[in-house]
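Read off the chains here:
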Amino acid sequence: MHQFDLKNKTAIVTGGAQGFGLNIAKRFLDSGAKVIIWDIDKSELIKASKELNNPNLSYNVVDVSNFDQVKEIVDDIIKISNIDILINNAGITGSTSSLWDYDVAEWNKIVQINLMGTFNCCKCIVPTMIKNNYGRIVNVASVAGKEGNANASAYSSAKAGTIGLTKSLGKELADKNIAVNAVTPAGAKTRILNQMSKEHVARMLSKVPRGRFLEIEEFTSLVCWLSSEENSFSTAAVFDISGGRSTY
Ligand SMILES: NC(=O)c1ccc[n+]([C@@H]2O[C@H](COP(=O)([O-])OP(=O)(O)OC[C@H]3O[C@@H](n4cnc5c(N)ncnc54)[C@H](O)[C@@H]3O)[C@@H](O)[C@H]2O)c1
């Protein structure tokens, strides 16, 4: 697989204990980066750390929806290291339900993790990137944020918000060597699919002209380019990886 040059770069990958995040962490390590994975799930973090078995990997148990926790950990990290790359990947879909039947607390939680988590990490990490005049931020949104999936109003709203955040922040930082982009994947076979009904997942798949799930490695390749120095111009943009599903 093609390697990007990420030597001397330090990356934080949120939600990195499994799924997309774990694969991104692996490719970043293979590309020479130091990687810090953040996740709320301690046992998966320990498993991931054993699996990757790399001295350039470390991890923290972090709930990205908790601003104070994120701030405390960032303050500790920047005492000893730059943060060059931030992948805002932690997310949940929540359950499948019509808006009027949605549990209010669950709706809130989905927005808190997917959207506010991205805000919290950007708010705490962007100042150090500005100081270093270098940064690559990739926000993992979803095709749901562009199209709006029925019975996934919280998730679709949070991911649409993530796209809006990306466009705003990218413009705010455009005069610096800092790129902020969002990616909008279609369904891939990770644990997240278990949160939705089988019918919902089948409906998602039926909308993809390629007629198959996105492979995790295909997704990682796009994230790697966006996270590298080679991406020196694209910012405040949304990169589609939905197998033809998105129409814009
Ligand atoms: N797999 C798909 O079909 C798909 C499609 C579109 C977008 N996405 C997005 O991709 C991202 C990664 O999802 P995935 O498919 O790898 O799912 P996953 O469930 O395999 O991994 C998500 C990780 O995020 C962690 N996490 C959840 N809440 C957290 C919190 N509050 N703080 C820190 N970590 C937390 C989980 O513990 C888990 O390790 C998500 O943002 C998801 O919305 C996934």
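None of these values were measured; they are calculated from a predicted model.

A. A look at the pairing of strand β3 (residues 57–61). Alignment of strand β2 (residues 34–39) against β3, held across five bridges, turns out to be parallel. Bridged to D39 within β3 is V61. After leaving β2, the chain enters helix α2 (residues 42–52) and then returns to the sheet as β3, a path that is right-handed.

B. Seen up close, unusual backbone geometry. Even without being a glycine, N53 presents a positive backbone phi close to 40°. Structurally, N53 can be placed in the loop between α2 and β3. One non-glycine residue, A236, lies in the positive phi region at around 60°. With respect to the helices and strands, the residue A236 is situated in the loop between α8 (216–227) and β7 (237–241).

C. Structural view of the pairing of strand β6 (residues 178–185). β6 sits mainly inside the fold: eight of its eight residues count as buried. The alternating pattern of β6 places I178, V180, A182 and T184 and A179, N181, V183 and P185 on opposite faces, both of which are buried. Examined bridge by bridge, strand β5 (residues 135–140) and β6 share six bridges and lie parallel to one another. Bridge assignment links V140 to a residue of β6, and that residue is V183. By the bridge criterion, five bridges tie β6 to β7 in an arrangement that is parallel. In the strand pairing of β7, V183 is matched with F239.

D. Up close: the site of the ligand. Within the structure, the ligand sits among 28 residues, and D39, N89, Y155, A188 and T190 are positioned closest to it. At 2.8 Å from an oxygen atom of the ligand is found a main-chain nitrogen or oxygen belonging to F20. Contact distances for the ligand include 2.9 Å between an oxygen atom and a side-chain N or O atom of K159. Relative to its unbound accessible surface of 820 Å², the ligand loses 97% to contact with the protein. Among the secondary structure elements, those contributing two or more residues to the shell around the ligand are α1 (19–30) and α6 (153–172).

E. Region of interest: the nonpolar core. Counting residues in hydrophobic clusters, the biggest one holds 33 residues, and the most contacted among them are F28, V35, I37, I87, V183 and F219. Each residue touching I37, except ones within four places of it in the same chain, is listed here: V13, G16, A25, L45, A48, L57, S58, Y59 and N60.

F. Molecular detail of the packing of aromatic side chains. Under the counting rule described, the total for this entry stands at two aromatic pairs. Aromatic pair F20 and F219: ring centres 4.0 Å apart, planes at 25°, arrangement stacked. With F20 in helix α1 and F219 in helix α8, the pair connects residues that are 199 residues apart, well separated along the chain. One Lys or Arg, K9, reaches over the ring of Y134 and ends 4.7 Å from the middle of that ring. For the cation-ring pair, K146 lies above Y248, with the distance from its terminal atom to the ring centre recorded as 5.3 Å.

G. Region of interest: helix α4 (residues 104–132). The end-to-end C-alpha separation of α4 is 41 Å, in line with the 42 Å expected for 29 residues at 1.5 Å each. Residue M116 marks the point of greatest curvature in α4, where the axis turns by about 40°. Of the residues flanking the start of α4, the one acting as N-cap is D103, its side-chain oxygen 3.3 Å from the backbone nitrogen of A105. Backbone geometry just after α4 places N133 at a positive phi near 45°.

H. Summary view of the sheet that holds strand β1 (residues 10–14). With respect to topology, seven strands assemble into an open sheet ordered β3-β2-β1-β4-β5-β6-β7, the strand pairing being parallel. If you trace the sheet from one side to the other, it starts and ends with β3 and β7, each paired once. Going from strand to strand, the sheet's axes swing by 20° on average, the running direction of each strand aside. On the sheet, helix α3 (residues 67–80) packs against β1, β2 and β3 and is oriented at approximately 160° with respect to β2.

So, how was this worked out
- Residues numbered from 1 in each chain as written.
- Predicted model: local features only at pLDDT ≥ 70, side-chain atom pairs only at ≥ 80, totals over all residues.
- Heavy atoms only, no water.
- Pairing = 2+ DSSP bridges.
- Helix = DSSP H or I, 4+ residues; strand = E, 2+ residues; numbered from the N terminus.
- Right-handed = clockwise from strand over helix to strand, strands pointing away.
- Buried < 20%, exposed > 50% of the residue type's maximum accessible area, 1.4 Å probe, protein only.
- Near = heavy atom within 4 Å.
- Polar contact = N/O pair within 3.5 Å; in protein donor to acceptor, adjacent residues only side chain to side chain.
- Areas by Shrake-Rupley, 256 points an atom, 1.4 Å probe, with all protein chains shown as cover.
- Core = buried A, V, L, I, M, F, W, Y, C linked by side-chain atoms within 4.5 Å.
- Contact = heavy atoms within 4.5 Å.
- Phe/Tyr/Trp six-rings, centres within 6.5 Å; stacked < 30°, edge-to-face > 60°.
- Lys NZ or Arg CZ within 6 Å of the ring centre and 35° of its normal.
- Expected span 1.5 Å × (residues − 1).
- Bend = angle between axes of the 7 residues up to and from the residue.
- Axes fitted to C-alpha atoms, helices over the stretch in contact; angles between N-to-C directions.

In short, shape yes, function no, at least from these values alone.
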